[in-house]
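# Residue-level structure breakdown
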Amino acid sequence: SLLPEMPETGEISFLTQDTGLTRHLLQSLDDYDLGVRYFASIGSKASLDETDLLEDWRNDGSQVILGQISGVSDGRRFMEEARKTSLEKPVVLMRQPGVGEHRSLEHQEQLYSAAFHQTGVVQAESVQELLRTGEAFSDLPMPSEGGTAIISNSEGLTSTILGEMDSAELSLSELESSTMDDLETLQSALVVERAAVTCSKDIDSQDLDRVFRQIIEDDNVGSVIVAMTPLSANEKSRMSQVLERVSQKHDKPIAVNIPERDSMDVSSNVDYLSTPRECVEVLENMYSYRNFLERDETFKDHEEDKKVGLEDIDTLEDFENLMSLLESYGLEVALTKLARSPQDAVDAASEVGFPVVLKIDSPDIRRPSDVDAVRKDIESRKEVKQAFKEIIDSVYAETPESEIRGVKVQETVSGTKAFAGIHTSRNFGPYVRLQDLRKSQDGPVAIPPISREVAGMVTERSHGDLDNPEDLTELLMGLGEIGLEYHDALDSVSLDLLVDGSGRVKVVDSFLVP
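Described below are features of the structure shown in this document. (Residues numbered from 1 in each chain as written. Predicted model: local features only at pLDDT ≥ 70, side-chain atom pairs only at ≥ 80, totals over all residues. Heavy atoms only, no water.)

### A few points about the overall build of the protein
- Helix and strand counts for the protein stand at 15 helices and 20 strands.
- Considered along the principal axes of its C-alpha atoms, the protein spans approximately 90 × 60 × 40 Å.
- Across the 514 residues in the protein, those meeting the buried criterion constitute 55%.
- In the protein, the share of contacts with a sequence separation of at least 24, taken over all contacts with a separation of at least 6, comes to 69%. (Helix = DSSP H or I, 4+ residues; strand = E, 2+ residues; numbered from the N terminus. Buried < 20%, exposed > 50% of the residue type's maximum accessible area, 1.4 Å probe, protein only. Contact = heavy atoms within 4.5 Å.)

### Focus: the pattern of salt bridges
- Going through the model one piece at a time under the given rule, you end up with 36 salt bridges.
- Linking Glu 50 and Lys 45 is a salt bridge whose minimum nitrogen-to-oxygen distance equals 2.7 Å. Each of the two residues, Glu 50 as well as Lys 45, counts as buried.
- Taking the shortest distance from any N to any O, the salt bridge between Arg 367 and Asp 496 comes out at 3.0 Å. Residue Arg 367 is located in the loop between β13 (356-361) and β14 (374-378), and its partner Asp 496 is located in strand β19 (residues 493-499); the two are separated by 129 residues in the primary sequence.
- For Asp 496, a relative accessible area of 13% corresponds to the buried category. (Salt bridge = Lys/Arg side-chain N within 4 Å of Asp/Glu carboxyl O.)

### Some remarks on the sheet that holds strand β8 (residues 196-199)
- Overall, mixed pairing links the 6 strands, which are arranged β7-β8-β6-β9-β10-β11 in an open sheet. The open sheet terminates on both sides in strands that have one partner only, identified here as β7 (189-193) and β11 (270-272). Adjacent strand axes in the sheet meet at a mean angle of 20°, parallel and antiparallel pairs treated alike.
- Relative to strand β10 (residues 254-257), strand β9 (residues 221-227) runs parallel, the two being bridged by 4 bridges. (Pairing = 2+ DSSP bridges. Axes fitted to C-alpha atoms, helices over the stretch in contact; angles between N-to-C directions.)

### Thoughts on unusual backbone geometry
- A cis amide bond links Phe 354 with the next residue in sequence, Pro 355, at an omega value of -5°.
- Locating Pro 355 in the fold gives a position in the loop between α12 (342-352) and β13.
- The peptide bond linking Pro 448 to Pro 449 adopts the cis configuration, its omega dihedral lying at 5°.
- Mapped onto the secondary structure, Pro 449 falls in the loop between β18 (445-446) and α14 (452-462).
- Of note, the phi angle at Arg 194 is positive, near 50°, even though the residue is not glycine.
- Tracing the sequence through the fold places Arg 194 in the loop between β7 and β8.
- In this structure, Asp 372 is a non-glycine residue whose phi angle is positive, near 55°.
- Residue placement: Asp 372 occurs in the loop between β13 and β14.
- With relative accessibility at 43%, the residue Asp 372 sits in the partly exposed group.

Written out as structure tokens, the structure reads:
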């Protein structure tokens, strides 16, 4: 009922959720070299959902699973089954948000992107990207180890592709010295940057063949982008012959952008695309999947006898209990004592060691600095007493209704401010966010269990300038464990962090967020 006739039979299994988009997707198959093995439109998911199909199609004989979804019924089950299926074949999904998600759209997109990335699902942003990527996985070999090389006949095109690669985080190869030496002997080809070669428009077939052969045989090259400005009929014929010879001999993907290339007929290991951006996009998606397959994930072992069980904690709203829980999972917390009186604060400061920081302890005040309830660089007993009084007076003046439990006396810790939090999603359960407060955009998220490899990638995105990100990686893995273990009691936890120049991380405050 969706189409007057069914699409051609092939090696793609295809699922859709939006029935209004289904007809458009199936009709678009005519523009791509794609045939359908199995097709399902799940609509309201009365009988089957997306996860059932990922599980069922895991060993169905198809090469690739493509799909459009609005959401998932059970995020954790989806991740479990999607990962298993991705280990068997590529899964490419386009998420089109459903009605009612508008307020939290960006937040939801981050969660779905994290879920896809952690399970090996390749995420497409449009129908065209979905189908292009499916066609590439069907027709092209997987990229081998190494980056991408560029062959073009225009320095402007080469520059455009390099810019697209930078934006897409697709790495440029570093040609072997023997390849560089050979290419430098050619008058009609110029290596403009590492593995980006610009050929002259009058290059003859022999030299062009030599360029292609040297590039694709280089062990540091895993894939090739070929982009050419408009060619004459003779030039097209020459290019077609060279591509045919080279592509049949070598098992590496070649993404080609040549205007008006209808007369060119090459099939082996070559994908013709409309723009340089599409060439980059296709290879980026293929490398993303390859990286997932090669990711040997490890998870943190937590010693059960060191775990602080909820039965050992009277209430997690208590600052000391919450910090104890964090410490039991390997997080380093700033040395902090609670004081109920000025003399308690003096004794605590003596124990912690001067200089100290004083700040209010109140479940109603998330940011003590907002109510002038923080004092730093306190270096004497007299200053401690004065700071204690000033903090209490300020809170009573600014927010008299706030509950005051006392004042925190904390060691002085230097570093850059950061934020980490455990939150809960309706679909995916607990997730962890890391935020560098020097940046305005929301930080990346990860969904537990969080492997060392995934935590490292999140840390790189959030704090890419750190020489040693190991502490942040460990922190994320620990928070993932806490999120899974205590998600019923810890709906949302917010941590204030300080990260010093060596990458050492300390938790300086923690809050349960209603």
